[in-house]
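# Reading the structure
Spelled out, the chains give:
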Amino acid sequence: MDSTGRGDEHSGHRPGWWLGAVGYEVYVRSFADSDGDGIGDLPGLRARLPHLADLGVDVVWLTPVTPSPQRDHGYDVADYLGVEPDYGTLDDLRGVLDDAHALGLKVLMDLVPNHTSDLHPWFLDACSGRDAAHRDFYVWREPGPDGGPPNNWVSHFGGPAWTFHAATGQYYMHLFLPEQPDLNWAEPRVWAAFEDILTAWFERGVDGVRIDVAHSLVEDPHFRDNPLLDQPPSQDGGTGSVFDRFAHIHDLDQPGVVDIYRRWRRIADAHDAVLLGEVYVLDPGKLRRYVTDDALHSAFAFDAIKVAWDAQEIRSTLAPYVAACDDRLSWPLSSHDDPHAAERFGGGEVGARRALAYLTLLCALPGVPFLFQGDELGLDDAVLPEGVAEDPITLRLGVRGRDPQRSPMPWEPGPALGFTLGTPWLPVGSNRGPADTAAAQQGDPGSHLERTRELLATRGRLPALTGHAPLEWVVDEGPVVAVTRGDEVLVALHVGDGEGDAQLVLPEEARLCYATDPRAFLVDGELTLPEDAAVIVALDEETAP
Ligand code: NOJ
């Protein structure tokens, strides 16, 4: 205990490379295949790293590359320190890290601490008997009075969150698939095991971790039933799942979960590494508890990926997050769990235009904007043939699921659009063509790729956008969302209302730094902004390029 009596508190630092960074999610399985087996891999990714460096991103998050039976595509981990043979070897991973670092990129690995695979040696041992060494690594309960599950908790992927293990006569808990048993974070040896895993990864040169379902690790010690919602939400997260019918007050976001990250923060800080949480808590005040100087460096603000193409909704959704968390958030444009932004905002060319304009706004917020692979090409989701289903959500619930956003990256015209020389594990999509590829867009100044590259470069040149300049929302109503950062920069997004161009009066010395649409112009302080477009404007002469 120190002289202040605060004992275990740790006021962490934030790596300089994180502040002002732009992130990019790589869905490894669908990024680039080097050996023709149709599955993306680490050598394939390594060969494509220059694409990411040239795009202007700083931090690359890799979806899990650890060994896994792939029941949930890597989010069922069988060995936290190994590399999935389909993706390569530990040496291949070292090669990715070395090349990424040489290109100035940082790499975040995906850490899955809520659950393991049912084939993880810990779980295999835990199933061997009630007194097995690893029994308490998992959440076991006696059956309920009727012999059924111990409580009414349900899985994200449908069905009860409990599976009966006949050989030992108890139920084990799983917030996802039965093949993804939840770890028991009331067990100190689980804490110790993950502290070792984290240390090992950082010692290998990994620059940080994205923490899977970071709000879910701890459960109510009394395992009380979750109340049913009176009114199930109209938007149910896309799964149509019974999960959305409950108020998850006893299984998610429980007291004590942040304490885990307090321990991890010390380890991360000692390695200049970053902890980025997948904290699916859609309440800015509650989310703030996770992103403190002694817990997570950052967390995704998932509401950013949920908003409709509506100015009022965008303003009223994002503003409270900035107010509560300032620059401690990461802003996902898309992800492997959600439709691409271009899909959400209407699909096709209109969707792509809007996605770029929305990314421009995200680039104006304090914190880290995150692209998902394909966003830089303006991709909406793949149209897949009937009957193709790889995602457990689709397989179990028969709904659309997440396959369409996980289709292979289109690199160049030709078979499988350059993703593989073999048959891709998931079709590229009947709506994809040569014009969607990175090669076709490269060097074409009007292409989505080049417009995105210019956006990220412009952001990087403006310290007001990457630093601590205070943010203000300057237009309260109407179809234009606009923010200023200090006195230096204004970013405006016109979501459109069918009324055509919007006009904004700005200081006379204001200069246009970037526009998603070449029809935007600024003359003598009068800004003309077409619908579905966004601009970055330098407000004073010093800032102007
Ligand atoms: C969140 C991941 O992003 C998702 O893909 C996965 O299915 C669940 N966590 C379970 O690990």
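Above this text you will find the structure in question.
Predicted, not measured: the structure shown is a model, and the values here were computed from it.

The subject of this paragraph is the overall build of the protein chain. What the protein chain contains, in helices and strands, is 13 helices and 19 strands. For the protein chain, the C-alpha radius of gyration of 23 Å lies close to 24 Å, the compact-globule estimate for 545 residues. The dimensions of the protein chain, computed from C-alpha atoms along their principal axes, are 80 × 60 × 50 Å. Taking all contacts inside the protein chain whose residues are at least 6 apart in sequence as the whole, residues at least 24 apart take part in 69%. Total accessible area on the protein chain stands at roughly 20,400 Å², and carbon and sulfur atoms take up 50% of it. Computed over 41 positive and 89 negative side-chain charges, the inter-centroid distance for the protein chain is 3 Å.

The full set close to the ligand counts 13 residues, and D72, R210, D212, H336 and D337 are the nearest of them. At 2.6 Å, a side-chain N or O of D72 approaches an oxygen atom of the ligand. Contacts to the ligand include H336, whose side-chain N or O atom sits 2.9 Å from an oxygen atom.

Moving on, we get to the nonpolar core. Counting 143 residues, the largest nonpolar core has Y261 and Y358 as its most contacted members. Considering every element that reaches this core, the biggest residue donor is helix α4 (residues 188–203), with 8 residues. Among all residues touching Y358, those that are not within four sequence positions of it are A304, V307, W309, I314, L318, L333, R344, F345 and L493.

This model, assessed by the stated rule, comprises 28 salt bridges. Between R289 and D253 there is a salt bridge, with its nearest N and O atoms 2.9 Å apart. Residue R289 is found in the loop between α6 (284–288) and β9 (298–300), and its partner D253 is found in the loop between β7 (208–211) and α5 (257–270); the two are separated by 36 residues along the sequence. Across the salt bridge formed by D381 and R400, the nearest N and O atoms sit 2.5 Å from each other. Here R400 lies in the loop between α10 (392–397) and α11 (438–441) and D381 lies in the loop between β11 (368–372) and α10, a separation of 19 residues in the sequence. Each of D72, D337, D391, R402 and R406 takes part in a single network of salt bridges with overlapping partners.

Definitions and cut-offs
Residues numbered from 1 in each chain as written. Predicted model: local features only at pLDDT ≥ 70, side-chain atom pairs only at ≥ 80, totals over all residues. Heavy atoms only, no water. Helix = DSSP H or I, 4+ residues; strand = E, 2+ residues; numbered from the N terminus. Rg over C-alpha atoms; globule rule 2.2 N^0.38 Å. Contact = heavy atoms within 4.5 Å. Areas by Shrake-Rupley, 256 points an atom, 1.4 Å probe, with all protein chains shown as cover. Lys, Arg positive; Asp, Glu negative; His and termini not counted. Charge placed at Lys NZ, Arg CZ, Asp CG, Glu CD. Near = heavy atom within 4 Å. Polar contact = N/O pair within 3.5 Å; in protein donor to acceptor, adjacent residues only side chain to side chain. Core = buried A, V, L, I, M, F, W, Y, C linked by side-chain atoms within 4.5 Å. Buried < 20%, exposed > 50% of the residue type's maximum accessible area, 1.4 Å probe, protein only. Salt bridge = Lys/Arg side-chain N within 4 Å of Asp/Glu carboxyl O.

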